[in-house]
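Overview (structure and organization)
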Amino acid sequence: MNNRYELCQLASKATRKLHKPNTRLQDTTNEVLDRFKDTIPMDESGESVVEKVQLQERRAA
């Protein structure tokens, strides 16, 4: 992503949605960042990628 602020916001939202009680928040955050690494290639434009990830989050919830 081109915008670090948007990346942090998206990561925090995903962490809140995926976090399970009685697990470490750090582990959940690492899992989210690993998923981003697989989902968001570095060479695509930011707008379309953010929309794809937000759509995936809606489906997962």
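Conventions used here
- Starting afresh in each chain, residues are numbered from 1 along the sequence in its written order.
- Only residues with pLDDT of at least 70 get local features here, since the model is predicted, and only at 80 or more are side-chain atom pairs given and counted; chain-wide, interface and lining totals rely on the full set of residues.
- As a rule here, side-chain values cover all heavy atoms of the structure and leave hydrogens and water aside.
- Buried Ala, Val, Leu, Ile, Met, Phe, Trp, Tyr and Cys residues that are joined via side-chain atoms within 4.5 Å together make up what is termed a nonpolar core.
- Buried, partly exposed and exposed residues are distinguished by accessible area as a fraction of the type maximum, computed with a 1.4 Å probe on protein chains only: under 20%, between the cut-offs, and over 50%, respectively.
- Counting from the N terminus, the helices are the DSSP runs of H or I reaching at least four residues and the strands are the DSSP runs of E reaching at least two.
- By salt bridge we mean one thing: a side-chain nitrogen of Lys or Arg within 4 Å of a carboxyl oxygen of Asp or Glu.
- By definition, residues are in contact when any of their heavy atoms lie within 4.5 Å.
- A residue's pLDDT is the predictor's confidence in that residue, given on a scale from 0 to 100.
- Angles run from 0 to 180 degrees between N-to-C directions of axes, and those axes are lines fitted to C-alpha atoms, restricted for helices to the stretch in contact.
- For classification purposes, angles smaller than 35 degrees are called roughly parallel, those larger than 145 roughly antiparallel, those between 65 and 115 roughly perpendicular, and all remaining angles oblique.
- By convention the crossing between two helices is left-handed if the near helix lies anticlockwise of the far one by an angle smaller than a right angle, and right-handed if it lies clockwise.
- Only Asp, Glu, Lys and Arg are considered charged, only Ala, Val, Leu, Ile, Met, Phe, Trp, Tyr, Cys and Pro nonpolar, and every remaining residue, Gly among them, polar.

Moving on, we come to the nonpolar core. By size, the foremost hydrophobic cluster in this structure holds five residues: Leu 10, Ala 11, Ala 14, Val 32 and Phe 36. Breaking this core down by element, the ones donating at least two residues are α1 (4-18) and α2 (25-39). By residue number, the principal contributor to this core is α1, which donates three residues.

The final tally for this structure, using the stated rule, is two salt bridges. When the shortest N-O distance is used, the salt bridge between Arg 24 and Asp 27 registers 3.3 Å. Among the ionic pairs, Arg 35 bridges to Glu 31, the shortest N-O distance being 3.0 Å. On the criterion of helical spacing, the pair formed by Arg 35 and Glu 31 is a turn pair, its members being four residues apart in helix α2. The class for Glu 31 is partly exposed, based on a relative accessible area of 37%.

Attention now goes to the side chain of Thr 15. Examined against the element boundaries, Thr 15 turns out to sit in helix α1. In contact with Thr 15, not counting residues within four places along its chain, are Leu 25, Thr 28, Thr 29 and Val 32.

Tracing the chain through its elements places Thr 28 in helix α2. Its relative accessible area of 6% is what places Thr 28 among the buried residues. Apart from residues lying up to four places away in sequence, Thr 28 is in contact with Thr 15, Leu 18, His 19 and Thr 23.

On to the confidence of the model for the protein. Reading fine detail from the predicted coordinates is not recommended where pLDDT is low. On average, the protein scores 78 in pLDDT, and the residues at 70 or more come to 62%. The least confident element of the protein is helix α3 (residues 46-60), whose mean pLDDT is 58; the most confident is α1, at 90.

What follows deals with the packing of α1 against α2. One can describe the packing of α1 onto α2 by two numbers: an axis separation of 9 Å at closest approach and a directional angle of 120°. With respect to α2, the element α1 is oriented oblique. α2 is crossed by α1, and the crossing has right-handed handedness. Residues Leu 7, Leu 10, Ala 11, Ala 14, Thr 15 and Leu 18 of α1 form the contact with α2, whose own contacting residues are Leu 25, Thr 28, Thr 29, Val 32, Leu 33, Arg 35 and Phe 36. Here the contact of α1 with α2 is built from residues that sort into nine nonpolar, three polar and one charged.

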